[in-house]
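Summary of the model geometry
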Number of protein chains: 2
Amino acid sequence: MRIKRETDYAIRCVNYLAMRHGQIAVIGDISKNAFVPRKFLAKILQKLARAGIVTSHRGVKGGFELARGPSLINFLEVIEAIQPVEMNVCALDDRLCALSDTCAVHPVWIEVREEVRRVLAKRNFAHIKTAGAGTGTG
Amino acid sequence: MRIKRETDYAIRCVNYLAMRHGQIAVIGDISKNAFVPRKFLAKILQKLARAGIVTSHRGVKGGFELARGPSLINFLEVIEAIQPVEMNVCALDDRLCALSDTCAVHPVWIEVREEVRRVLAKRNFAHIKTAGAGTGTG
DNA sequence: TCTAAACAAGACTTATTTAGTCCTCTTTTT
DNA sequence: AAAAAGAGGACTAAATAAGTCTTGTTTAGA
Ligand code: SF4
Ligand code: SF4
């Protein structure tokens, strides 16, 4: 049970943008400082933009910036911009398991998923102490 | 972020054995009632046995039974008998990410992982309401 | 003591997912 | 117009998950 590499990248990226809140950063800059492969990062930023977490600016002088203050962006949002928090398939969507109608375990997974989502929603990007990998200063 | 299919099988299997606590069940029986492919289930039961969750009996009249009462077996144990609860690689083991020494996000994952493990440890097999898939009566 | 019913264990195979790259197009400033 | 950005889809390779196959060991009982 693990987040994807891509999701780790997304969080490091948002964390970096949180540090430089107010400034526009270009992909190459984010890539270097957050240690994320450039081309892959471009894709990730598109997802974050569609999710309303970052704002993109096209053309010369373009780049990305956080759409809101760091304290208003939590881990759950960023994670779910990249991948669903499923825990078990049936907890995301009943219809993904044919047994869900009668399964005795199913309701437990629904509860567990909600609790885990709450755990993730509790952490925001103002909570993170700066300095170190993913912040561009280490 | 999802448990493996194998882990879902393990939980259904333990749940079935919990229903028939006190009796020895043979692989074919568990397979039919918990809807788990027979050969694959054999592997899963080996892992559960090594983890001390079930007891195996070899030879004619052999089979499997729960090693303890259903209320003494929780979700976390069963899951971790099959796969680690990582959340993020670095939360399981620092050394798996070269950045962990300086990473500002790393401590957050450590906390999150512990909280998630606590969520899973809260559920035991006496909590599950019988009847339905994974119980052999549906 | 022989046989059949059970589990043990590891090698193997296939399908799916993850982690990325590549190429072409659009937008925007100068 | 040219150059500097991002958008988006097609594609590839590596890793992991899901499951089978084969062979061996243990045990009850005829
Ligand atoms: S818990 Fe029950 S419903 Fe959910 S996936 Fe497993 S079998 Fe299907
Ligand atoms: S959070 Fe930091 S330490 Fe953990 S995996 Fe991501 S980069 Fe590595």
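Residues numbered from 1 in each chain as written. Chains lettered and ligands numbered in written order. Predicted model: local features only at pLDDT ≥ 70, side-chain atom pairs only at ≥ 80, totals over all residues. Heavy atoms only, no water.

Examining the overall build of chain A
To be explicit about the condition: Only DSSP runs of H or I with at least four residues qualify as helices, and only runs of E with at least two residues qualify as strands; both kinds are numbered from the N terminus onward. Any residue under 20% of the maximum accessible area for its type is buried, any over 50% is exposed, and the rest in between are partly exposed; the area is computed with a 1.4 Å probe on protein chains only. In what follows, a contact means two residues having at least one pair of non-hydrogen atoms within 4.5 Å.
If you tally the helices and strands in chain A, you get six helices and two strands. Traced from its N-terminal end to its C-terminal end, chain A shows the element sequence α-α-α-β-β-α-α-α. When the backbone C-alpha atoms are referred to their principal axes, chain A occupies close to 55 × 30 × 25 Å. Considering chain A as a whole, with its 138 residues, one finds that 52% of them fall into the buried category. Here the contacts in chain A between residues at least 6 apart in sequence split such that 63% fall between residues at least 24 apart.

Regarding the site of ligand 2
The line we're drawing: If a single non-hydrogen atom of a residue is within 4 Å of a molecule or strand, that residue counts as near it. Under the scheme applied, nonpolar residues are Ala, Val, Leu, Ile, Met, Phe, Trp, Tyr, Cys and Pro; charged residues are Asp, Glu, Lys and Arg; polar residues are all the others, including Gly.
Taken together, Asp8 and Arg12 of chain A together with Asn88, Cys90, Cys97, Leu99, Ser100, Cys103, Val105, His106 and Trp109 of chain B are the residues near ligand 2. Elements with a minimum of two residues in the shell around ligand 2: helix 1 (5-19) of chain A together with helix 6 (106-121) of chain B. Residues of the shell around ligand 2, tallied by class, amount to six nonpolar, three polar and two charged.

Points about the side chain of Arg113 of chain A
Examined against the element boundaries, Arg113 of chain A turns out to sit in helix 6 (residues 106-121). Those residues in contact with Arg113 of chain A that lie beyond four places of it in its chain are Glu80, Val85, Glu86, Met87, Ala91 and Leu92 of chain A.

A few points about the interface of chain A and chain B
Definition in use: Reported buried area values correspond to the accessible surface (1.4 Å probe) lost by two parts on association, with both partners' losses combined. Take a side-chain nitrogen of Lys or Arg and a carboxyl oxygen of Asp or Glu: if they are within 4 Å of each other, that pair is a salt bridge. A 3.5 Å cut-off defines polar contacts: any pair of N or O atoms within that distance qualifies, except that in protein one atom must be a possible hydrogen donor and the other a possible acceptor, and neighbouring residues in sequence count only when both atoms are side-chain atoms.
Contact residues are listed per partner, giving 38 residues for chain A and 38 residues for chain B. Note on chain A versus chain B: buried area summed over both sides is about 3,600 Å², and carbon and sulfur give 65% of it. Among the residues chain A hides against chain B, the three largest losses belong to Met1, Arg2 and Arg123 of chain A. Together they make up 21% of the total. Counting across the chain A and chain B interface gives eight salt bridges. Notably, a salt bridge pairs Arg2 of chain A with Glu86 of chain B, separated by 3.1 Å at the nearest N-O pair. For the interface between chain A and chain B, the tally reads 18 residue pairs in polar contact (both at pLDDT 80 or more). With eight residues, helix 6 of chain A is the largest single contributor of residues to the side of chain A that touches chain B. Looking at the side of chain A that touches chain B residue by residue, the class counts come to 23 nonpolar, six polar and nine charged.

Overview of the state of the cysteines
Here is the rule: Cysteine sulfur atoms that come within 2.5 Å of each other are treated as a disulfide pair.
Going through the model one piece at a time under the given rule, you end up with zero disulfides over all chains. There is no disulfide at Cys13 of chain B, and the cysteine sulfur nearest it, in Cys103 of chain A, is 13 Å away. Judged by relative accessible area, which is 0%, Cys13 of chain B ranks as buried.

What to know about the protein's contact with DNA strand C
For DNA strand C, the set of nearby residues contains 25 residues, the closest of which are Arg5, Tyr9 and Arg58 of chain A together with Lys43 and Ser56 of chain B. Take the atoms of DNA strand C that sit within 4 Å of the protein: sugar and phosphate atoms are 67% of them. Between Arg58 of chain A and DNA strand C, the recorded distance is 2.7 Å, taken from a side-chain N or O atom to a base oxygen. A distance of 3.5 Å is found between a base oxygen of DNA strand C and a backbone nitrogen or oxygen belonging to Gly59 of chain A. Those elements that provide at least two residues to the surface near DNA strand C are helix 1 and helix 3 (38-50) of chain A together with helix 3 (38-50), strand 1 (54-57) and strand 2 (63-66) of chain B. When grouped by side-chain class, the residues that make up the surface near DNA strand C number eight nonpolar, seven polar and 10 charged.

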